[in-house]
Amino acid sequence: MYYGHNPKFPDNFMWGASSAAWQVEGGVADGGRTPAIIDLNSKTKKPFADNTYAADHYHHYKEDVALMAECGFSSYRFSLSWSRIIPHADGKVNPEGIAFYNDLINELVAHNITPIITLYHYDLPVWVDELGGWKSRDTVERFEHYCRVCFENFGDRVKYWLSLNEQNMQICYGNWLGVSKGCDDWFKDQWKINHIMNLCHAKAVNACHEMVAGGKIGPVPGCVPIYPETCRPEDQIAAMNAEEFTEKFWIDTYVYGEYSNFIKHYWKENDIDIGMQPGDAELMKSAKIDFIAVNCYRSNVAKYAPHDAKQQDYLLNKNGVKGQMVFPVEPGRYALTRNPYVEYTDWDWEIDPSCLRYEMRYLWDHYHLPMMITENGYGAHETKDADGQVHDQGRIDYLREHIYQLGMAIEDGCEVIAYNPWSFTDLLSTGNGMAKRYGLVYIDTTDEEQNAAKSVEELSMKRIRKDSFYWYSKLIRSNGQDWGKEMLK
Ligand code: BGP
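Description of the structure in this document. What you see is a predicted model, and the numbers here were worked out from it, not measured in a lab.

Bringing the side chain of Gln170 into the picture now. Structurally, Gln170 can be placed in helix α8 (residues 167-172). Excluding its chain neighbours within four sequence positions, the residues that come into contact with Gln170 are Tyr120, Tyr122, Asn165, Leu177, Val179, Trp186 and Met197.

Here it is in structure tokens:
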């Protein structure tokens, strides 16, 4: 659809950026925090980078919020560290953890920045893991207790809440994100764990509605639009299969509060028992979400995979040298493949601005719920130039084209309330530490320096505004009018 004018964003549209506790905070042992499973991953499983220091936001939060305000933010999406708030199995609340987040929230509110909080972003406390972790139904009760503590302490100022970050990706890539640890039969166990996560999500939704006056809550699926490789009918069905098994099934469950016939049939065919117990169906049905938060960076292409094709796991690019990605083959379901019509990042992620318009249209058509973008962004190798500045034209191009397509989705009639790209400052990448940078603000540190440092005081951690910071500031201060170049084609 061509409109003959640039897109307009709603007057109260929230512009900001995004982060997650374990990737940005550092201060892992400060203020009474205890370890999370992702800390262990970050220490032992290369190329995860050690999150001991990360971007040291724990000690720089005031400076970081001041920079957000300078940029013109009206929102900031971040996560809380469960083990900072409840560090031990006795379930007692840690006053220092509460104080840290109160200070951060107060600082945001004082600068007219709306906090959008993720309750869970990959950092299960080790003490919860030791008591059975995601394999144990007791985790539902523990998670609900944690959520209630958050709503009670922060709900007076925080009205937008997000339940679990990318539950779909945690299940699809269980090995990568530490969820499959200790499972004997991941093929079957993943669905039990997924069910427990659904119960956690439902408890969070209901507790938010019960405890937070005017509170709104939604899930955060990782969304990757899937295009069929050709108009061959088998490719179209393969694209639908990929969509179901990587994201649609999860979003359907959040929205409808029940499992679809498609997935129930798959479980039956494969003799999978997800551990449904009396009361679960009612709990899931009762949890009505207010919006869908969307993480969307890229699109994928699917094609037919015969039932006797050779299975291939998805091998992600782990070093930022183009051409390392190996696409998955799921015999009888789908195979993913390269898209010849788009550019790729150094980590082989498709650069496809239209994917945002597609995803918004897709979700709006299916679910008719408001949406907010909680992640979208450009991961790149970056260093300071000779002038001490960071000239990230690639990120400006990426953001400009993606935000423009988001605006076109709004013109198409989609209800979108916020755009929070990943990330505000540089922070740890899940796959590549500080080597893969996403920030509008450069953090003067490297993996090598962090690995060699004995304490955070040895690291510069200086904040340097990248070119994208200035570009984004102009765009958001004009509520999406000042693109920095002629856009209408
Ligand atoms: C999302 C996660 C984030 C973030 C981002 C970029 O899936 O929610 O935590 O890391 O992906 O991914 P990566 O860091 O692997 O480049």
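What follows concerns the packing of helix α10 (residues 186-211) against helix α11 (residues 233-256). Where α10 contacts α11, the two axes come as close as 11 Å, and the packing angle between them is 35°. As for the relative orientation of α10 and α11, their crossing is right-handed in sense. Across the interface between the two elements, Trp191, Asn194, Asn198 and His201 of α10 pack against Phe249, Trp250, Thr253 and Tyr254 of α11. Across the contact of α10 with α11, the residue classes tally to four nonpolar, four polar and no charged.

All chains considered together, the criterion is met by 28 salt bridges. With a closest N to O distance of 2.9 Å, Glu25 and Arg84 form a salt bridge. Of this pair, Glu25 sits in the loop between α1 (21-24) and α2 (37-44) while Arg84 sits in helix α4 (residues 82-85), and the two are 59 residues apart along the sequence. Of the two residues, Glu25 and Arg84, both sit in the buried class. Connected through shared salt-bridge partners, Glu382, Asp392, Arg395, Asp426, Arg437 and Lys466 make up one network.

Where strand β1 (residues 14-18) lies against strand β14 (residues 416-419), two bridges are found, and the strand directions are parallel. Each bridged residue has a counterpart across the sheet, and for Met14 the counterpart in β14 is Ala418. Judged from the three bridges that link them, strand β13 (residues 371-375) and β14 form a sheet pairing that is parallel. Note on β14: the bridge partner recorded for Met371 is Val416. Considered for its hand, the β-α-β crossover made up of β13, helix α15 (residues 393-411) and β14 is right-handed.

This part takes up the site of the ligand. Of all residues adjacent to the ligand, which total 15 residues, the nearest are His121, Glu166, Thr430, Lys436 and Tyr438. Between the ligand and Glu166, the relevant distance is 2.7 Å, taken from an oxygen atom to a side-chain nitrogen or oxygen of the residue. Within the side chain of Lys436, a nitrogen or oxygen atom sits 2.7 Å from an oxygen atom of the ligand. Contact with the protein chains covers 92% of the free accessible surface of the ligand, which is 380 Å². When the residues that make up the shell around the ligand are grouped by side-chain class, the tally is five nonpolar, seven polar and three charged.

Turning to helix α5 (residues 95-110), a few remarks are in order. For α5, spanning 16 residues, the distance from its first C-alpha to its last is 22 Å, which sits close to the expected 22 Å at 1.5 Å a residue. All buried positions along α5 are accounted for by Gly97, Ile98, Phe100, Tyr101, Asn102, Leu104, Ile105, Glu107 and Leu108. Phi turns positive, to about 60°, at Asn112, one or two residues after α5.

On inspection of all chains with the given rule, the structure shows 40 aromatic pairs. Both rings, one in Phe100 and one in Tyr101, keep their centres 4.9 Å apart while their planes meet at 65°; by these two values the pair is edge-to-face. Under the relative-accessibility criterion, Phe100 is labelled buried at 6%. By relative accessible area, which is 0% here, Tyr101 ends up buried. With 4.9 Å between their ring centres and 80° between their planes, Tyr259 and Trp267 make a pair best called edge-to-face. Looking at Tyr259, the relative accessible area reads 7%, which means it is buried. Using a relative accessible area of 5% as the deciding quantity, one classes Trp267 as buried. Chaining the aromatic ring pairs together yields one cluster made of Trp191, Phe245, Phe249, Trp250, Tyr259, Phe262, Tyr266 and Trp267.

Rules behind the numbers
Residues numbered from 1 in each chain as written. Predicted model: local features only at pLDDT ≥ 70, side-chain atom pairs only at ≥ 80, totals over all residues. Heavy atoms only, no water. Helix = DSSP H or I, 4+ residues; strand = E, 2+ residues; numbered from the N terminus. Contact = heavy atoms within 4.5 Å. Axes fitted to C-alpha atoms, helices over the stretch in contact; angles between N-to-C directions. Left-handed = near helix turned anticlockwise from the far one by under 90°. Nonpolar A, V, L, I, M, F, W, Y, C, P; charged D, E, K, R; others polar. Salt bridge = Lys/Arg side-chain N within 4 Å of Asp/Glu carboxyl O. Buried < 20%, exposed > 50% of the residue type's maximum accessible area, 1.4 Å probe, protein only. Pairing = 2+ DSSP bridges. Right-handed = clockwise from strand over helix to strand, strands pointing away. Near = heavy atom within 4 Å. Polar contact = N/O pair within 3.5 Å; in protein donor to acceptor, adjacent residues only side chain to side chain. Areas by Shrake-Rupley, 256 points an atom, 1.4 Å probe, with all protein chains shown as cover. Expected span 1.5 Å × (residues − 1). Phe/Tyr/Trp six-rings, centres within 6.5 Å; stacked < 30°, edge-to-face > 60°.

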